[in-house]
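So you can see what is in the structure, the chains are spelled out below.
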Amino acid sequence: MEHLIIPDGYRSPLTIRETEVAIKEVKDHFERALAKSLHLTRVSAPLFVRPESGLNDNLNGVERPVSFGIREQDEAEAEIVHSLAKWKRHALKHYGFHSGEGLYTDMSAIRRDEDTDNIHSLYVDQWDWEKVISREERNMETLEYTVRKVFSALKETEDFISRRYNYIQPLLPEDIFFITSQELEDMYPDCTPKERENRITKVKKAVFVSQIGKVLSSGQKHDGRAPDYDDWELNGDILVWYPVLNMGLEISSMGIRVDEESLSRQLKLAGCEERAGLPFQKALLNRELPYTIGGGIGQSRICMYYLRKAHIGEVQASIWPENVLSTAREQGIQLL
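Now for a quick tour of the structure. The structure displayed is predicted, hence computed values, not measured ones. (Residues numbered from 1 in each chain as written. Predicted model: local features only at pLDDT ≥ 70, side-chain atom pairs only at ≥ 80, totals over all residues. Heavy atoms only, no water.)

### What about the overall build of the protein?
Argument step 1. Looking only at helices and strands, one finds nine helices and 11 strands in the protein.
Argument step 2. With respect to the three principal axes, the spread of C-alpha positions in the protein is 55 × 50 × 40 Å.
Argument step 3. Taking as baseline every contact in the protein between residues at least 6 positions apart, the subset at least 24 positions apart corresponds to 74%.
Argument step 4. When the accessible area of the protein is evaluated, it comes to approximately 15,400 Å², of which 49% is carbon and sulfur surface.
Argument step 5. One way to put it: in the protein the 43 positive side-chain charges average out to a point 3 Å from where the 55 negative ones average out. (Helix = DSSP H or I, 4+ residues; strand = E, 2+ residues; numbered from the N terminus. Contact = heavy atoms within 4.5 Å. Areas by Shrake-Rupley, 256 points an atom, 1.4 Å probe, with all protein chains shown as cover. Lys, Arg positive; Asp, Glu negative; His and termini not counted. Charge placed at Lys NZ, Arg CZ, Asp CG, Glu CD.)

### Here we look at the packing of aromatic side chains
Argument step 1. For the structure on display, the rule yields seven aromatic pairs.
Argument step 2. Centre to centre, the rings of Tyr242 and Tyr305 are 5.6 Å apart; their planes meet at 50 degrees, and the pair counts as tilted. Here Tyr305 lies in helix H8 (residues 299-306) and Tyr242 lies in strand E9 (residues 230-242), a separation of 63 residues in the sequence.
Argument step 3. We classify Tyr242 as buried; its relative accessible area is 0%.
Argument step 4. Following the ring pairs from residue to residue traces out a cluster consisting of Tyr242, Tyr305 and Tyr306.
Argument step 5. The ring of Tyr165 carries Arg164 above its face, with NZ or CZ at 5.5 Å from the centroid. (Phe/Tyr/Trp six-rings, centres within 6.5 Å; stacked < 30°, edge-to-face > 60°. Buried < 20%, exposed > 50% of the residue type's maximum accessible area, 1.4 Å probe, protein only. Lys NZ or Arg CZ within 6 Å of the ring centre and 35° of its normal.)

### Points about the environment of Ser264
Argument step 1. Counting through the fold element by element, Ser264 comes out in helix H6 (residues 260-270).
Argument step 2. Taking the relative accessible area as the measure of exposure, Ser264 reaches 39% and is therefore partly exposed.
Argument step 3. Engagement of the side chain of Ser264 in a polar contact is seen with the backbone oxygen of Glu260, the distance being 3.1 Å. (Polar contact = N/O pair within 3.5 Å; in protein donor to acceptor, adjacent residues only side chain to side chain.)

### Re the nonpolar core
Argument step 1. Grouped together as the largest cluster of nonpolar side chains are 58 residues, with contacts concentrated most on Leu34, Trp129, Val150, Leu154, Met254, Ile297 and Ile302.
Argument step 2. Broken down by element, this core gets its largest block of residues, eight residues, from helix H1 (residues 16-38).
Argument step 3. When neighbours within four sequence positions are excluded, Leu154 is seen to be in contact with Phe30, Leu172, Ile238, Ile251, Ile302 and Tyr306.
Argument step 4. Membership of the second largest hydrophobic core comes to 22 residues, among which are Leu84, Ala91, Val132 and Cys272. (Core = buried A, V, L, I, M, F, W, Y, C linked by side-chain atoms within 4.5 Å.)

### Quick word on the sheet that holds strand E2 (residues 48-49)
Argument step 1. With antiparallel pairing, the three strands of this open sheet are ordered in space as E2-E4-E3. Of all strands in the sheet, those with a lone pairing partner are E2 and strand E3 (67-70), marking the two edges.
Argument step 2. Note: E2 against strand E4 (residues 76-80), two bridges, orientation antiparallel. Paired with Val49 across the two strands is Glu79, which belongs to E4. (Pairing = 2+ DSSP bridges.)

### Quick notes on the sheet that holds E9
Argument step 1. If you walk across this open sheet you meet the eight strands as E1-E5-E6-E11-E10-E9-E8-E7, and the pairing is mixed. Among the strands making up the open sheet, the edge pair consists of strand E1 (40-42) and strand E7 (177-180). Sheet twist, expressed as the mean angle between neighbouring strand axes with direction ignored, is 25 degrees.
Argument step 2. Contacts from helix H3 (residues 140-164) reach strand E6 (123-132), E7, strand E8 (206-210), E9, strand E10 (247-257) and strand E11 (292-298) within the one sheet, and its direction differs from that of E10 by about 135 degrees. (Axes fitted to C-alpha atoms, helices over the stretch in contact; angles between N-to-C directions.)

### Some points on a nonpolar patch on the surface
Argument step 1. Where nonpolar side chains cluster on the molecular surface, the patch consists of Leu47, Phe48 and Phe68 and spans about 260 Å² of accessible area.
Argument step 2. Inspection of the secondary structure puts Leu47 in the loop between E1 and E2.
Argument step 3. Residue classification places Leu47 among the partly exposed residues on the basis of a relative accessible area of 42%. (Patch = residues over 30% accessible without salt bridge, like charges linked within 9 Å, V, L, I, M, F, W, Y side chains within 5 Å. Salt bridge = Lys/Arg side-chain N within 4 Å of Asp/Glu carboxyl O.)

### Notes on helix H2 (residues 85-94)
Argument step 1. Counting buried positions over the 10 residues of H2 gives seven, a clear majority of the element.
Argument step 2. On its buried face, H2 sits against strand E5 (102-110), E6, E10, helix H7 (279-285) and E11.
Argument step 3. One or two positions beyond H2, positive phi appears at Gly96, with a value near 80 degrees.

### Description of unusual backbone geometry
Argument step 1. Even without glycine at this site, Gln211 takes up a positive phi of about 60 degrees.
Argument step 2. If you check the backbone angles, Arg287 has positive phi at about 60 degrees while not being a glycine.
Argument step 3. Its location among the elements puts Arg287 in the loop between H7 and E11.
Argument step 4. Arg287 gets classed as exposed once you look at its relative accessible area, which sits at 57%.

Shown next as structure tokens:
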């Protein structure tokens, strides 16, 4: 039970049916706000891909994808996507998007190796988005400008939902605070990465921690990132302070994607240079795909945040250990 946090005196102000209505209101409003802010077009996306395509997200490199054989294709294997980080870049070219244009889509995934708790589930749902940029725009200025655009959609949605439900008081600050993972380590050298995130987010309320994936001066990484989609110098996470759980809550992971130079460098650093022979990675190295910026924004995470829920299972249907289910019922946490 060490993974289940029960806030003192917690009771959801909404019934399950009221929560379901509110979830749709949050999702509908934020989706429109994000698309408008970043000039995105909604597209359809795959639930599964062929492993030999190189299109699946390898996450930290240890998570096992859910796979299955396809009967009509002589049991050829397919994998449930972990995310659409690579597929989106391929789609931008295939669908004829140009610089300044982008796409977004609903992404569902199964993370079979996830350690579940109040904010982690076996089921992942997010808005995956990607936008074409020029090579000259691959810089920190572009990244920070885009982060602020995403943050403006988050603030607009919070304003909307706080007007709809009077128990919700706005929490987001006027602007988001930027800090690199190395600056954060220097600030709190004796803390774990998660402790650092909690401390800085409690002070600043909304934070973008950048440059995630590379090794810091301590010899450790702030967090893992696959070497073949984000540029580790030009990426990061959006975190917001969440008083219900007394923690910094990660809302989005995003970044400027690798070019041919950063891809080669990061594949070497990660010890997986053999990936350069996969179709997606080979196309990148041959400069056949556009330069892009993109990310994922957790749908259940923002619903949980805006509706002030104590557990992600209050805003999505998933599978939980029996002891979590029984304790949640006893403590007034209504899991779907």
